[in-house]
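Inside the fold
Here is what each chain is made of, one letter per residue.
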Amino acid sequence: QPSVFDDNCRAEQIDFIDALRNAVALQPLNRFKRCYLLIDSSTVGCGIVVCQSSEDVDDDDKFTKRELAYINKNQSSNLRPVFFLSYTSGKAQKHFSSCDIELAGLQRCLIFLQTLGIRNEFTIFSDNLYCVAFNNLNLGSNRLRRIIAYLMRFRFKVVYLPGKNH
């Protein structure tokens, strides 16, 4: 069934445009700071937001409650968006498992941010519990093996956020 751009879609588009116009503008990407990736995928598509700290302090290795509060409750924080990425899933991805879809979305983002990702350690927020321990998964499919082999090049940790907080 083809997609139809109806009044509901138009209202969502207007809300999104207003939110972008009224929000803090995107910050320039600083390749020396830690990145935080918020990823959410489904059989329809994938959306990723890359955030960085707006403060001029060095990021340490611990994930602080302050950043988690920003994600959970959208309270004011020092995290600011620097990059958005979204794409629509293809026909083949409609049959992927939820873990495959989420990891494929992460892989697509890291392909785009490859030079930054190889140099820096980053934190990923996902609402898929399997992604938290993806390196311990029983690798059943060759597709999942290829995705995980690609992801192993990067230094990151995955933080699980339940879907209602994500």
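The present account deals with the structure reproduced in this document. (Residues numbered from 1 in each chain as written. Predicted model: local features only at pLDDT ≥ 70, side-chain atom pairs only at ≥ 80, totals over all residues. Heavy atoms only, no water.)

1. Description of the layout of surface pockets
Remark: the empty space left among the atoms is shown by a probe the size of a water molecule rolled over them. In this structure, the second largest pocket encloses a volume near 490 Å³. Lining the second largest pocket are 13 residues, and of these Cys-9, Glu-12, Val-44, Ser-86 and Thr-88 lie nearest its centre. The biggest single contributor to the lining of the second largest pocket is helix α1 (residues 7-22), with 4 residues. Considering only residue class, the lining of the second largest pocket consists of 5 nonpolar, 6 polar and 2 charged. (1 Å grid on protein atoms, 1.4 Å probe; cavity = no way out; pocket = protein on both sides within 12 Å on 5 of 7 lines; lining within 4 Å. Points joined across faces, edges and corners; volume = space filled by probe spheres on them. Helix = DSSP H or I, 4+ residues; strand = E, 2+ residues; numbered from the N terminus. Nonpolar A, V, L, I, M, F, W, Y, C, P; charged D, E, K, R; others polar.)

2. Describing the packing of helix α3 (residues 98-112) against helix α6 (residues 142-151)
The contact between α3 and α6 brings their axes to 10 Å, and the two run at 40 degrees. With respect to α6, the axis of α3 lies oblique. When you trace α3 past α6, the crossing you get is left-handed. Where α3 approaches α6, its residues Asp-100, Leu-103, Ala-104, Leu-106, Gln-107, Leu-110 and Ile-111 are matched on the opposing element by Arg-143, Leu-144, Ile-147, Ile-148, Tyr-150 and Leu-151. Of the residues assigned to the contact of α3 with α6, the class counts are 10 nonpolar, 1 polar and 2 charged. (Axes fitted to C-alpha atoms, helices over the stretch in contact; angles between N-to-C directions. Parallel < 35°, antiparallel > 145°, perpendicular 65-115°, else oblique. Left-handed = near helix turned anticlockwise from the far one by under 90°. Contact = heavy atoms within 4.5 Å.)

3. Quick word on the pattern of salt bridges
Enumeration over the complete set of coordinates arrives at 2 salt bridges. One salt bridge connects Arg-34 with Glu-121, and the closest N-O pair in it is separated by 3.7 Å. Of this pair, Arg-34 sits in the loop between α1 and β1 (35-41) while Glu-121 sits in the loop between α4 (114-119) and β4 (122-126); the two residues are 87 residues apart in sequence, bridging distant segments of the chain. Among the salt bridges present, the one from Asp-100 reaches Arg-143, with a minimum N-O distance of 3.0 Å. Placement of the pair is Asp-100 in helix α3 and Arg-143 in helix α6, with a sequence separation of 43 residues. (Salt bridge = Lys/Arg side-chain N within 4 Å of Asp/Glu carboxyl O.)

4. Quick notes on the packing of aromatic side chains
By the definition in use, this model includes 5 aromatic pairs. Each member of the aromatic cluster is reached from another via a ring pair, and the members are Phe-122, Tyr-150, Phe-154 and Phe-156. Stacked on the ring of Tyr-87, the Lys or Arg Arg-108 has its end atom at 3.9 Å from the ring centre. The ring of Phe-96 carries the charged tip of Arg-143 above its face, separated from the ring centre by 3.7 Å. (Phe/Tyr/Trp six-rings, centres within 6.5 Å; stacked < 30°, edge-to-face > 60°. Lys NZ or Arg CZ within 6 Å of the ring centre and 35° of its normal.)

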